[in-house]
Amino acid sequence: MEINRITDWEHSITEKMESHKDDADFPRAEDYATTEAKVKEYVYDKQRILDRGEERGKNLVVPGIILVMPVIILSGFGDGVKVLFLGVLLGVIFVTVYFAVAKAVDKANIKKMYDYDIERYIKAVSDYSGK
């Protein structure tokens, strides 16, 4: 079973928080104007957004439909190599736009949920070297 790098990010933060919470020098959420519960919820929500982008790259049903639809629609107006190439070209353009818009939406969602205090705490947890 393959474990991806993005999923490891969420688990590394939450596991580090759990395994080191009793260490005296481990960063405390309260020192960063937040709580552990808020941090875990934030990391989970951010992970869901990151996973959507990754899943979109693996699940090619929607892009496949977007790619083929112009060919099917244009075939109703004529047949031939030019119509086929035009349909494929339009399909490629639409798929590119689909991925660009989806990525922009994900980026906007991450920007919208951004919390400075939680991000500082996550960085402190990530940088913690432990015993």
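Residues numbered from 1 in each chain as written. Predicted model: local features only at pLDDT ≥ 70, side-chain atom pairs only at ≥ 80, totals over all residues. Heavy atoms only, no water.

S.K.: I tried to follow the packing of helix 3 (residues 61-75) against helix 4 (residues 81-113) on my own but got confused; where do I start?
M.R.: If you want to describe how two helices pack, look at the angle between their axes and the distance between the axes. Taken N-terminus to C-terminus, the directions of helix 3 and helix 4 make an angle of 150°; their axes are 8 Å apart at the nearest point. With respect to their mutual orientation, helix 3 and helix 4 come out roughly antiparallel. Here the hand of the crossing between helix 3 and helix 4 comes out right-handed. Residue-level contacts link V62, P63, I66, L67, P70, V71, L74 and S75 of helix 3 to V83, L84, L86, G87, V88, L90, G91, V92, F94, V95, Y98 and F99 of helix 4. (Axes fitted to C-alpha atoms, helices over the stretch in contact; angles between N-to-C directions. Helix = DSSP H or I, 4+ residues; strand = E, 2+ residues; numbered from the N terminus. Parallel < 35°, antiparallel > 145°, perpendicular 65-115°, else oblique. Left-handed = near helix turned anticlockwise from the far one by under 90°. Contact = heavy atoms within 4.5 Å.)

S.K.: Is there a simple way to explain the pattern of salt bridges in this structure?
M.R.: Any two side chains of opposite charge can pair, so long as their charged atoms come close to each other. Within the structure shown, the criterion is met by nine salt bridges. The residue E18 makes a salt bridge to K21 at a minimum N-O spacing of 3.3 Å. Taking relative accessible area as the criterion, E18 reaches 35% and is therefore assigned partly exposed. The partly exposed category is assigned to K21, whose relative accessible area is 35%. (Salt bridge = Lys/Arg side-chain N within 4 Å of Asp/Glu carboxyl O. Buried < 20%, exposed > 50% of the residue type's maximum accessible area, 1.4 Å probe, protein only.)

S.K.: I keep staring at unusual backbone geometry and nothing clicks. Help me out?
M.R.: Residues apart from glycine generally show negative phi values, whereas peptide bonds are mostly found in trans. A positive phi angle, close to 60°, is found at A33, a residue other than glycine. Within the secondary structure, A33 is located in the loop between helix 1 (5-20) and helix 2 (36-58). On the basis of relative accessibility, which here comes to 60%, the residue A33 falls in the exposed class.

S.K.: Before we go on, may I ask you to explain the nonpolar core in this structure?
M.R.: The nonpolar side chains of a soluble globular protein tend to be buried, and buried together. Counting twelve residues, the largest nonpolar core consists of I13, M17, F26, A29, V39, Y42, V43, I118, Y121, I122, V125 and Y128. Listing elements by their share of this core, those giving two or more residues are helix 1, helix 2 and helix 5 (116-127). With four residues, the single largest contributor to this core is helix 5. (Core = buried A, V, L, I, M, F, W, Y, C linked by side-chain atoms within 4.5 Å.)

S.K.: For this particular structure, what's the right way to read a nonpolar patch on the surface?
M.R.: Residues V61, I65, L67, V68, M69, I72, I73, F77, L84, V88 and V92 make up a contiguous nonpolar surface patch of about 980 Å² in total accessible area. Elements with a contribution of two residues or more to the nonpolar patch: helix 3 and helix 4. Here the element with the most residues in the nonpolar patch is helix 3; it accounts for seven residues. With respect to the helices and strands, L67 occurs in helix 3. The class of L67 is partly exposed, set by a relative accessible area of 33%. (Patch = residues over 30% accessible without salt bridge, like charges linked within 9 Å, V, L, I, M, F, W, Y side chains within 5 Å. Areas by Shrake-Rupley, 256 points an atom, 1.4 Å probe, with all protein chains shown as cover.)

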